[in-house]
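Topology and contacts: notes
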Amino acid sequence: MNLLIRHGRVIDPANALDAGADVLILDGVVSQVGPGLPAPVGTPTVDAGGRVVAPGFLDIHVHLREPGYEYKETVATGTRAAAAGGFTGIACMANTNPANDTRAVTDLILARARVEGAVRVYPIGAVTRGLGGAELAELGELAEAGCVAYSDDGRPVMNSALLRRALEYAQAFGKPIVSHAEDAHLADGGVMHEGIVATELGLRGIPATAEEILVARDIALAELTGQRIHIAHVSTAAALRLLRDAKARGVPVTGEVTPHHLVLTDDALRTYDPNAKIAPPLRPKRDVEACREALADGTLDAIATDHAPHALADKEVELDQAANGIVGLETAIPLCLTHLVGERVLDLPTLIARLTVGPARVLDLPGGRLTPGAPGDVTILDLDREHRVDPGRFYSKGRNTPFGGWVCRGTAWMTVVGGRVVMANGIVTVP
Amino acid sequence: MGLKRKDLLEIRTLEPAEIQTILDTAASMKEIAGREIKKVPALRGKTVVNLFLEPSTRTRTSFEIAGKWLSADVVNVSGASSSVMKGETLLDTAKNLEAMSPDCVVIRHVASGAPHILARALRCSIINAGDGMHEHPTQALLDLLTIREKRGHLEGLSVAIVGDIAHSRVARSNIWGMRKMGMTVRVAGPPTLIPAGVEELGVKVSHRLEDAIRDVDVIMMLRLQQERMTANYIPSLREYARLYGLTLDKLRGARADVLIMHPGPVNRGVELAPEVADGPYSVILEQVANGVAVRMALLYLLLGGRSAEVAA
């Protein structure tokens, strides 16, 4: 597919570019970036009209739910939600049913993505069989099948000896392990962050220490094995101190943060809203501030949504029993533009870096840059457009968001995958 | 005069003046208990559903008697502790009840926040009869009424609440209510059973019973759930009783006229020695009697009964 995007403000952090330019995509890959580019006759052309043209955004933490939980989400609906939200590539977690712990499951996900996917899909394989935390999955075959990383996300690998072996073994395939860092015993039975709000609401708390302890362990194991570990959804100031220190010492560790941990505090639980129940839980203001600071200074490499769609029946119950999770693909960009760039937590090029080159480096994904030869994936932002979050209009099957009704400034205007427009003006254009 | 709210979900969001109104109304209701014919027509034609999804005898009976003395039609629904275990969601249960047009649903539920789900979904009044570890507002109100009767006022009094504060809805409601009425509150218990950040509610924390009960006007002992032992909050009932049980011996360190309260049911020999529970300072049975009056007052104030009908 060929496409010429004209008259954009091209921001490509990987190439330190922020200038008025055109982007030419030929045969699905970036051909040239520069002002006033000529294009072969008949090349489809998009006039960006001064909007921000960026490398396609990557979300390295998504739950597509297929196979097994198609009532919550499918590859088709999840990738459409991604396209609508401005993401051109997503990495999907292994906690499907059956879990993505064998080639057959990876094959199925990739086949679905080829046939009915709207954006690129990068499966993450399981660390242990059935996410059971007991026996190593066949990491070699998973890598051959196309998995880009390994994770038992949702269920921390509590056995440190097993995680050590997984890290050592995974070195042969060069794939990192993504850790859901939450001590299962300290978190047991918890519904929200342990603190004054939980005390007032009479809800069982999860201490911040549950995250800190496992992050410390993960860093120690990364140091021992020399193998890369990526900490998913970091949410506490203490964990960020550990991460910052480890990076300074050259330990191969990276980290991501979700939009909701950057925008909401545990006060969001005050109405017993099940849509504010997530793991790790929403934290108090001081932790939110620490996450924002760490995202700005690079301690956190990526913003990832932890898009976790659930059916109404999984959420509309007593808070103790409600499923954990928030859908994120269709709210991430408006929230980040409004509350991070808008509140001067970070500048626009830094935000774009944390959504492109940052996540691409974490999982060694192609893309994340507009270098000639890179995938022809582009996200175009409209910074001035007012965007009201309306869960009823999501492409995702999940409506579980605490942001319904929020009004944001700025949103994704167009999503291009391999030179093909998959979303224009909020409307997904793939059949 | 009524309450300008649809529901009573928690003490936390009540104004002191509202608490005053409820207590004054409850005091006037007490007289009905002494009548030969214990019935006034104030809530004739109103329907109250007692939806008790967690076992309770005392509170349910108290609400039932309260409704009946006011001439409301009272229906009791009880069920498994979890709506999900029944296969029907709480919301479904609630909507089915709504279809029968009750004026008030009184709910007891094992999950914190369950009454809030009902209050959002239903048009009728919701009264929280205890939700998880969150609040038990009618218990706090009857405790306040009992203290006010015995001391004549609330402001300036001091209270020690002793036991499993972390898991207690009674403690939370009382802390809110007592602080709002100008009382001083200390909480005491093993550190494992003191919830995070509780000082921010304006209470002092102590880990020694003897320190907590010195010079206070009221000692409120909480029930210790047996399952706290298996989760390693405490090593044994024996040690708990030795350190945090109120005995005659430990009571010597308290004021001579101290009131001893307990929300019931009492674990005799654990948090309360029998001779203390039955002793002259104990107002435990007055608490139970006042429970009916407070619940009558709430039903009356929320369901819009007219005062002439009570006086009749």
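In what follows, the accompanying structure is described. (Residues numbered from 1 in each chain as written. Chains lettered and ligands numbered in written order. Predicted model: local features only at pLDDT ≥ 70, side-chain atom pairs only at ≥ 80, totals over all residues. Heavy atoms only, no water.)

1. Section: the side chain of B:S71
All names here are of chain B. Positionally, S71 belongs in the loop between helix 2 (58–69) and strand 2 (73–78). Accessibility expressed as a relative area gives 15% for S71, which makes it buried. A polar side-chain atom of S71 sits 2.5 Å from the main-chain carbonyl oxygen of V40. S71 has contacts with K39, V40, P41, L43, R44 and G45, leaving out every residue within four places of it along the chain. (Helix = DSSP H or I, 4+ residues; strand = E, 2+ residues; numbered from the N terminus. Buried < 20%, exposed > 50% of the residue type's maximum accessible area, 1.4 Å probe, protein only. Polar contact = N/O pair within 3.5 Å; in protein donor to acceptor, adjacent residues only side chain to side chain. Contact = heavy atoms within 4.5 Å.)

2. Regarding the sheet that holds strand 1 (residues 47–52) of chain B
Strand pairing in a sheet takes place through backbone hydrogen bonds and is either antiparallel or parallel in direction. All names here are of chain B. Spatially, the four strands line up as an open sheet ordered 2-1-3-4, and their pairing is parallel. Of all the strands in the sheet, the pair left with one neighbour each is strand 2 and strand 4 (125–131). Neighbouring strand axes in the sheet, compared pairwise and without regard to direction, differ in orientation by 15 degrees on average. Examined bridge by bridge, strand 1 and strand 3 (residues 104–109) share five bridges and lie parallel to one another. Each residue of the ladder has a partner; that of N50, found in strand 3, is V106. (Pairing = 2+ DSSP bridges. Axes fitted to C-alpha atoms, helices over the stretch in contact; angles between N-to-C directions.)

3. Re the pairing of strand 5 (residues 158–162) of chain B
Residues and elements named next belong to chain B. For strand 5, the tally of buried residues reaches five of five residues, placing the bulk of the element in the interior. Burial along strand 5 is two-sided: the face carrying S158, A160 and V162 and the face carrying V159 and I161 are both buried. Judged from the five bridges that link them, strand 5 and strand 6 (residues 184–188) form a sheet pairing that is parallel. Bridged to A160 within strand 6 is R186. Handedness of the strand 5-helix 7 (residues 169–180)-strand 6 crossover: right-handed. Summarising the sheet, strand 5 and strand 8 (residues 218–221) pair through four bridges and their orientation is parallel. Counterpart to V159 in the pairing with strand 8 is V218. (Right-handed = clockwise from strand over helix to strand, strands pointing away.)

4. Here's the deal with the interface of chain A and chain B
Reports often express the size of an interface as the amount of accessible area lost when the parts come together. Between chain A and chain B, the residue contacts involve 17 residues of the former and 29 residues of the latter. The junction of chain A with chain B conceals about 1800 Å² of combined surface from both sides, 55% of it contributed by carbon and sulfur atoms. Put simply, chain A and chain B have one salt bridge between them. With a shortest N-O distance of 4.0 Å, B:R12 and A:E200 are connected by a salt bridge. (Buried area = accessible area lost by both parts, 1.4 Å probe. Salt bridge = Lys/Arg side-chain N within 4 Å of Asp/Glu carboxyl O.)

5. Quick notes on the pattern of salt bridges
Residue and element names in this part refer to chain A. Under the criterion given, the structure shown has 41 salt bridges over all chains. A salt bridge links D377 to R120; its shortest N-O distance comes to 2.6 Å. Here the residue D377 occupies a position in the loop between helix 14 (357–363) and strand 16 (378–388), and R120 occupies one in strand 8 (residues 120–125), the gap between them amounting to 257 residues. Classification of D377 as buried rests on a relative accessible area of 7%.

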